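# Topology and contacts: notes
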Amino acid sequence: MGASTVDVGMINAGFMLAAARPRLPLGLVSDRLGRKRLILAGWDLLPDLPLSARGPDSLHVGLIYLFSGVGLACFSPRR
């Protein structure tokens, strides 16, 4: 895909931030809406991860990983 080592590191860092950052607000949302709804919402975002292997460039792959990180955060919110 032509991604450099720095690009791969940025994609991984973005994924980790996207998985960690929304956990607290999503915990509050799960208290109000219910955990089942939040898990189903995360389940809708996670199937995008396999598509990242076919991205045209590193920016596209990074965006898919950001959405996948948010989907992962929906499974384990913190209060």
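What you see is a predicted model; the values in this text were computed from it and never measured. (Residues numbered from 1 in each chain as written. Predicted model: local features only at pLDDT ≥ 70, side-chain atom pairs only at ≥ 80, totals over all residues. Heavy atoms only, no water.)

### Considerations on the overall build of the protein chain
Along the backbone of the protein chain there are 4 helices and 0 strands. Secondary structure elements of the protein chain occur, N-terminal to C-terminal, as α-α-α-α. Residues classed as buried in the protein chain amount to 27% of the 79 residues present. Counting contacts in the protein chain only where the partners sit at least 6 residues apart, residues at least 24 apart contribute 77% of the total. (Helix = DSSP H or I, 4+ residues; strand = E, 2+ residues; numbered from the N terminus. Buried < 20%, exposed > 50% of the residue type's maximum accessible area, 1.4 Å probe, protein only. Contact = heavy atoms within 4.5 Å.)

### Some details on helix α1 (residues 5–20)
For α1, built from 16 residues, the straight-helix expectation of 22 Å at 1.5 Å per residue is met to within 8% by its first-to-last C-alpha distance of 23 Å. Taken residue by residue, α1 has I11, G14, F15, A18 and A19 as its buried positions. Here the buried residues of α1 occupy an arc of 130° about the axis, which is enough to place them on one side. Away from the buried face of α1 by more than 90 degrees, exposed residues T5, V6, M10, M16 and L17 are located. (Expected span 1.5 Å × (residues − 1). Arc of directions from axis to C-beta.)

### Thoughts on the packing of α1 against helix α4 (residues 58–73)
One can describe the packing of α1 onto α4 by two numbers: an axis separation of 7 Å at closest approach and a directional angle of 25°. Compared by their axis directions, α1 and α4 come out roughly parallel. Handedness of the crossing formed by α1 with α4: right-handed. On the side of α1, the interface is formed by D7, I11, G14, F15, A18 and A19, while α4 contributes S58, V61, G62, Y65, L66, S68, G69, V70, L72 and A73. (Axes fitted to C-alpha atoms, helices over the stretch in contact; angles between N-to-C directions. Parallel < 35°, antiparallel > 145°, perpendicular 65-115°, else oblique. Left-handed = near helix turned anticlockwise from the far one by under 90°.)

### Structural notes on the packing of helix α2 (residues 23–33) against helix α3 (residues 35–45)
The N-to-C vectors of α2 and α3 enclose an angle of 125°; their axes lie 7 Å apart at closest approach. By the angle between their directions, the pair α2 and α3 is classed as oblique. Contacts between α2 and α3 involve L26, V29, S30, D31 and L33 from the first element and R35, R37 and L38 from the second. When the residues that make up the contact of α2 with α3 are grouped by side-chain class, the tally is 4 nonpolar, 1 polar and 3 charged. (Nonpolar A, V, L, I, M, F, W, Y, C, P; charged D, E, K, R; others polar.)

### A closer look at the confidence of the model for the protein chain
The predicted model of the protein chain has a mean per-residue pLDDT of 80, with 84% of residues at 70 or higher. Looking across the protein chain, the model is least confident in α3, with a mean pLDDT of 80, and most confident in α1, with 88. (pLDDT = per-residue confidence, 0-100.)

### Notes on a nonpolar patch on the surface
A cluster of nonpolar residues, I39, L40, W43 and F75, forms a patch on the protein surface that exposes about 390 Å² of accessible area. With respect to the helices and strands, the residue F75 is situated in the segment after α4. In this structure F75 comes out as partly exposed when scored by relative accessible area, which is 35%. (Patch = residues over 30% accessible without salt bridge, like charges linked within 9 Å, V, L, I, M, F, W, Y side chains within 5 Å. Areas by Shrake-Rupley, 256 points an atom, 1.4 Å probe, with all protein chains shown as cover. Salt bridge = Lys/Arg side-chain N within 4 Å of Asp/Glu carboxyl O.)

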